[in-house]
Amino acid sequence: MTAHVTGTRDEWLAARLDLLQEEKELTRRSDELALRRQTLPWVRIDKDYRFDTEEGNVSLKDLFKGRSQLLVYHFMFGPDYKAGCPSCSSIADGFNGIVVHLENHDVAFSAISRAPLAKLQAFKQRMGWTFPWASSNDGDFNRDFSVWFTEEEQRKGTIEYNFRREPPAPEPLAGKTVQEWRGDEGPVAQIAAMTGTDVPTYTRDRPGVSAFALDDGVVYHTYSSYARGLDGLWGMYQWLDRAPLGRNENGIWWRHRDAYGRG
């Protein structure tokens, strides 16, 4: 471990009490933001989105399974991926235990990805997951909720993700494999390699979370968040933020949970 300041128990307690006041303020602020999420205007959804699930081909309304609320995790798993995004996978490792609690609090849950259902089910079995996972296939759902973009948008710089416009992808990325890209040791390239894709293919799918309400037979979109807005769902980071060295990161260190120790 790196060198760190040491002190007496009394010095620690005084510093801890100072920090406690700021933590309480953060908690209060977080509660206020949660209320503001709930007061966002609802947007009616009239498009007939269809999904492949273990129960067959269903509508967005069907994903509610009789409940009035639906939470969706936009899981990065495109049709060309050979495995799910390891970052999304590490978040999803925490889903199994919470879904039953959500379902018993009038909230349905589903991960949704573009990959075919058979590919999702195979990866789900590999990971030992039990949460619902639907395939949107070639439908408009991922595109409409800003978690999938075309190669042309990527090249021209017309991608709007996380509520902001992205610059064009660097030309060396176009059509390059991870091994051919000049930045093949960069974090995005490392993650792309774990999914069995090249960098541009991997980054055309994006992560996010969206919330929906079902009221009097009508589905409404109520909330979406992307990128660092998902940090609160990433269980391991909530623990690391309380560890002595914090996140202590130098590049990509996480893997699919069955891939640790493989070198």
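What comes next concerns the included structure. None of these values were measured; they are calculated from a predicted model.

Basis of the calculations
- Residues numbered from 1 in each chain as written.
- Predicted model: local features only at pLDDT ≥ 70, side-chain atom pairs only at ≥ 80, totals over all residues.
- Heavy atoms only, no water.
- Core = buried A, V, L, I, M, F, W, Y, C linked by side-chain atoms within 4.5 Å.
- Buried < 20%, exposed > 50% of the residue type's maximum accessible area, 1.4 Å probe, protein only.
- Helix = DSSP H or I, 4+ residues; strand = E, 2+ residues; numbered from the N terminus.
- Contact = heavy atoms within 4.5 Å.
- Arc of directions from axis to C-beta.
- Phe/Tyr/Trp six-rings, centres within 6.5 Å; stacked < 30°, edge-to-face > 60°.
- Lys NZ or Arg CZ within 6 Å of the ring centre and 35° of its normal.

**Thoughts on the nonpolar core**
Reasoning step 1: With 32 residues, the main nonpolar core has Y73, F75, F77, F123, W129, F131 and W133 as its most contacted residues.
Reasoning step 2: The set of elements that each furnish at least two residues to this core consists of α2 (86-92), α3 (95-103), β5 (107-113), α4 (117-127), α7 (187-195) and α8 (199-203).
Reasoning step 3: Apart from residues no more than four positions distant in its own chain, W129 is found in contact with F75, S89, A92, D93, N96, F123, K124 and R257.

**Overview of the pairing of β5**
Reasoning step 1: Taken across its seven residues, β5 has seven buried, putting it largely inside the fold.
Reasoning step 2: The alternating pattern of β5 places V107, F109, A111 and S113 on one face and A108, S110 and I112 on the opposite face, and all of these are buried.

**A few points about α7**
Reasoning step 1: Buried within α7 we find A189, I191, A192 and T195. The arc that holds the buried residues of α7, viewed along the axis, is 165°, so those residues lie on one side.
Reasoning step 2: Structurally, α7 contributes buried residues whose contacts are with α2 and α8.
Reasoning step 3: Directly after α7, the chain includes G196, whose backbone phi takes a positive value near 75°.

**Let's talk about the packing of aromatic side chains**
Reasoning step 1: The full count for this structure, using the stated rule, is 30 aromatic pairs.
Reasoning step 2: Look at F131 and W133: their rings are 6.0 Å apart centre to centre, the planes differ by 40°, and that puts the pair in the tilted class. An identical accessibility class is assigned to F131 and W133; each is buried.
Reasoning step 3: Between the aromatic rings of W234 and Y237, the centroid separation amounts to 4.8 Å while the plane-to-plane angle is 65°, which identifies the pairing as edge-to-face. There is no split in this pair, since W234 and Y237 are both buried.
Reasoning step 4: Every member of this aromatic cluster is reached through a ring pair, and the members are Y73, F75, F77, Y81, F95, F109, F123, W129, F131, W133 and Y202.
Reasoning step 5: The residue whose ring lies beneath R206 is Y161, and the NZ or CZ to ring-centre distance is 5.0 Å.
Reasoning step 6: In this structure, R247 packs its charged tip against the face of Y237, placed 4.0 Å from the ring centre.

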